[in-house]
Amino acid sequence: MAQHNAFYAQSGGVTAVINASACGVIEACRRHSDQIGKVYAGHNGIIGALTEDLIDVSQESDEAIAALRHTPAGAFGSCRYKLKDIETHRAQYERLIEVFKAHDIRYFFYNGGGDSADTCLKVSQLSEKLGYPLTAIHVPKTVDNDLPITDNSPGFGSVAKYIATSTLEASLDIASMCATSTKVFVLEVMGRHAGWIAAAGALAGQKEGDAPHLVIFPEIAFDRAAVMARVEESVHKYGYCVIVVSEGARYEDGTFLADSGNTDAFGHRQLGGVAPTLAGMVKQDLGYKYHWAVADYLQRAARHLASKTDVDQAYAVGEKAVELALAGDNAKMPAIKRTGDAPYAWTVEAAPLAEVANREKFMPRDFIREDGFGITEDCRRYLSPLIQGEDFPPFENGLPKVAKLAKHRAERKLPEFKI
């Protein structure tokens with residue numbers, strides 16, 4: 001088989017383990033050097049391909065690539081940039097193919113969520129139409145855990161571990177001070193449409209009365225009176241109340257509690273802070289002293305507390321992506337399949353991108369307690385294995401040691417392209 005080059009890029013919000021997937025892709029490509037020559041990484045995601053801003057990964061040392069496994073965020077730069085439909089923005093897709101032709105790129109690995117799966121599928125379809133032999137594989141990633149088919153999404157397990165840990169630790173703080181100080185603590189977590197991360201906060205509670213006392217999901221319509229009644233009940237029974245709320249909490253009519261009125265580059269509504277909104281309701285309706293926190297980037301960057309299960313799975317899907325590409329499995333995504341709960345077991349299989357792109361996996365109703373404020377045992381059984389194990393990064397001078405890449409640029413061969 002002739003040797004050709006590969007392109008890898010990261011897309012969307014990054015995670016604590018997306019670089020572990022990059023490590024899996026790159027190391028697998030190096031093991032197959034008879035078929036894959038150079039690996040080029042797009043600087044700032046798909047924008048790097050459009051502008052021919054390519055990082056020549058072949059010039060990075062084995063040690064630097066191995067260090068990606070314990071480095072958070074996007075080592076090559078990510079972006080929120082969604083390619084539009086092929087019909088009206090054909091020039092962008094044709095530009096991608098031109099860049100790939102110029103650099104003999106025949107393998108396309110796109111590491112991201114649902115929007116990235118859509119881009120990967122479109123690139124695959126256009127390469128077919130234009131007669132350019134390109135194998136496109138989507139490498140799954142999203143902290144929201146909302147990709148279909150795959151049992152869970154790489155990146156989620158580590159966020160789940162961080163949020164469950166933070167909920168536990170903060171609840172001990174509130175419990176120790178509630179007699180004379182704060183009565184209510186609100187933790188806002190990510191999750192625009194799906195409440196998986198909020199659900200993970202419930203893992204902190206093991207028995208009746210343990211925090212969190214309320215979990216507020218996007219899948220359950222927000223009822224202010226019911227929520228305030230539950231807060232009041234919790235304070236009376238336990239002395240305090242801990243709430244984990246998803247940023248996507250919404251009213252019956254679909255309006256977000258904290259809609260800022262703006263949209264991001266993917267067309268998603270920008271959410272303006274549900275924690276202070278909810279805390280303000282507590283103050284207004286009940287008069288309790290409160291504190292609130294927004295986990296924000298901390299939850300998705302916390303590689304020091306990553307789930308070993310998550311790290312292993314992130315690496316495995318990157319590795320599997322290369323295997324699928326070399327086997328000629330075009331327009332596919334390596335998906336995690338759970339094969340056992342006790343003990344937890346999993347494998348990675350190919351899923352068609354047409355069944356992944358632009359689809360979201362929400363919390364099933366039987367994972368949410370009947371009252372809508374917590375998780376069921378089925379949900380706990382699903383979530384618990386995903387936060388198991390520790391995979392601490394090496395430390396240097398008291399801080400985590402991260403990968404330091406040279407990021408040598410490939411020589412440009414085409415005219416400049418405006419995006």
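Coordinates for the structure precede this section.
In this text, all values refer to a predicted model and were calculated from it rather than measured experimentally. (Residues numbered from 1 in each chain as written. Predicted model: local features only at pLDDT ≥ 70, side-chain atom pairs only at ≥ 80, totals over all residues. Heavy atoms only, no water.)

### Digging into the sheet that holds strand 8 (residues 241-246)
For step 1, the next point in the chain: In spatial order, the strands read 7-8-6-11; together these 4 strands make up an open sheet with parallel pairing. The open sheet has two free edges, formed respectively by strand 7 (214-216) and strand 11 (290-294), since each of these has just one partner strand. Along the sheet, successive strands turn relative to each other by an average axial angle of 15°, direction set aside.
For step 2, the next point in the chain: Across 3 bridges, the pairing between strand 7 and strand 8 is parallel. (Pairing = 2+ DSSP bridges. Helix = DSSP H or I, 4+ residues; strand = E, 2+ residues; numbered from the N terminus. Axes fitted to C-alpha atoms, helices over the stretch in contact; angles between N-to-C directions.)

### Remarks on the pattern of salt bridges
For step 1, the next point in the chain: For the structure on display, the rule yields 27 salt bridges.
For step 2, the next point in the chain: A salt bridge links Asp56 to Lys38; the nearest nitrogen and oxygen atoms lie 3.4 Å apart. Pair noted here: Asp56 is in strand 3 (residues 54-56) and Lys38 is in strand 2 (residues 36-42), with a separation of 18 residues, a long-range link.
For step 3, the next point in the chain: Accessibility expressed as a relative area gives 34% for Lys38, which makes it partly exposed. (Salt bridge = Lys/Arg side-chain N within 4 Å of Asp/Glu carboxyl O. Buried < 20%, exposed > 50% of the residue type's maximum accessible area, 1.4 Å probe, protein only.)

### Focus: the environment of Thr376
For step 1, the next point in the chain: With respect to the helices and strands, Thr376 occurs in the loop between strand 13 (344-352) and helix 12 (377-383).
For step 2, the next point in the chain: Among the residues examined, Thr376 registers a relative accessible area of 18% and is labelled buried.
For step 3, the next point in the chain: Distance in space between the C-alpha atoms of Thr376 and Ser124 is 40 Å, their sequence separation being 252 residues.
For step 4, the next point in the chain: Excluding its chain neighbours within four sequence positions, the residues that come into contact with Thr376 are Asp366, Phe367, Ile368 and Arg369.
For step 5, the next point in the chain: A distance of 2.8 Å separates a polar atom in the side chain of Thr376 from the backbone oxygen of Asp366. (Contact = heavy atoms within 4.5 Å. Polar contact = N/O pair within 3.5 Å; in protein donor to acceptor, adjacent residues only side chain to side chain.)

### Things to note about the nonpolar core
For step 1, the next point in the chain: Counting 40 residues, the largest nonpolar core has Ile163, Ile197, Phe217, Met363, Ile375 and Leu383 as the members making the most contacts within it.
For step 2, the next point in the chain: Listing elements by their share of this core, those giving two or more residues are helix 6 (156-177), strand 6 (184-189), helix 7 (196-201), strand 8 and helix 12.
For step 3, the next point in the chain: The biggest single contributor to this core is helix 6, with 8 residues.
For step 4, the next point in the chain: Core analysis: the next-biggest nonpolar cluster, separate from the first, contains 37 residues, Ile55, Ala64, Ala321 and Ala403 among them. (Core = buried A, V, L, I, M, F, W, Y, C linked by side-chain atoms within 4.5 Å.)

### Quick word on the pairing of strand 5 (residues 135-140)
For step 1, the next point in the chain: With respect to burial, strand 5 is a largely interior element, 6 of its 6 residues being buried.
For step 2, the next point in the chain: Side-chain alternation along strand 5 places Thr135, Ile137 and Val139 on one buried face and Ala136, His138 and Pro140 on a second face that is also buried.
For step 3, the next point in the chain: Between the parallel pair strand 4 (residues 105-112) and strand 5, the chain is carried across by helix 5 (residues 114-129), and the sense of this crossover is right-handed. (Right-handed = clockwise from strand over helix to strand, strands pointing away.)

### A short note on the layout of surface pockets
For step 1, the next point in the chain: Considered as a void within the structure, the second largest pocket measures approximately 450 Å³ in volume.
For step 2, the next point in the chain: In this structure, the second largest pocket is lined by 24 residues; those nearest its centre are Glu208, Gly209, Asp210, Pro212 and Arg369.
For step 3, the next point in the chain: Counting only elements with at least two residues in the lining of the second largest pocket, the list comes to strand 7, helix 8 (224-238) and helix 12.
For step 4, the next point in the chain: With 5 residues, helix 8 is the largest single contributor of residues to the lining of the second largest pocket.
For step 5, the next point in the chain: When grouped by side-chain class, the residues that make up the lining of the second largest pocket number 8 nonpolar, 7 polar and 9 charged. (1 Å grid on protein atoms, 1.4 Å probe; cavity = no way out; pocket = protein on both sides within 12 Å on 5 of 7 lines; lining within 4 Å. Points joined across faces, edges and corners; volume = space filled by probe spheres on them. Nonpolar A, V, L, I, M, F, W, Y, C, P; charged D, E, K, R; others polar.)

### Quick notes on the packing of helix 4 (residues 90-102) against helix 5
For step 1, the next point in the chain: In the contact formed by helix 4 and helix 5, the axes pass within 10 Å of each other and the chain directions differ by 75°. Relative to helix 5, helix 4 is oriented roughly perpendicular. Packed against helix 4, whose contacting residues are Arg90, Tyr93, Glu94, Leu96, Ile97 and Phe100, the element helix 5 presents Lys122, Val123, Leu126 and Ser127 at the interface.
For step 2, the next point in the chain: A breakdown of the residues in the contact of helix 4 with helix 5 according to their chemical character gives 6 nonpolar, 1 polar and 3 charged. (Parallel < 35°, antiparallel > 145°, perpendicular 65-115°, else oblique.)

### Comments concerning the side chain of Ser246
For step 1, the next point in the chain: As for its placement among the helices and strands, Ser246 is situated in strand 8.
For step 2, the next point in the chain: Within polar-contact distance, the side chain of Ser246 engages the backbone oxygen of Gly191 at 2.5 Å.
For step 3, the next point in the chain: Excluding its chain neighbours within four sequence positions, the residues that come into contact with Ser246 are Val189, Met190, Gly191, Ala194, Ala198, Ile216, Pro218 and Val274.

### Quick look at the environment of Val186
For step 1, the next point in the chain: Take Val186: it is sitting in strand 6.
For step 2, the next point in the chain: Classification of Val186 by relative accessible area gives buried; the value is 0%.
For step 3, the next point in the chain: Here the alpha-carbon distance between Val186 and Lys101, two residues 85 residues apart in the chain, equals 52 Å.
For step 4, the next point in the chain: Those residues in contact with Val186 that lie beyond four places of it in its chain are Ile243, Val245, Ala275, Leu278, Ala279, His291, Trp292 and Ala293.

### Digging into the side chain of Glu60
For step 1, the next point in the chain: For Glu60, the location among the structural elements is in the loop between strand 3 and helix 3 (62-67).
For step 2, the next point in the chain: Look at Glu60: it is buried, it has no salt bridge, and the nearest opposite charge is Arg30 at 6.9 Å.
For step 3, the next point in the chain: Looking at Glu60, its side chain comes within polar contact range of the main-chain nitrogen of Lys407, at 2.7 Å.
For step 4, the next point in the chain: For Glu60, the contacting residues outside a window of four places in its chain are Arg30, Ile65, Leu405, Ala406, Lys407 and His408. (Lys, Arg positive; Asp, Glu negative; His and termini not counted.)

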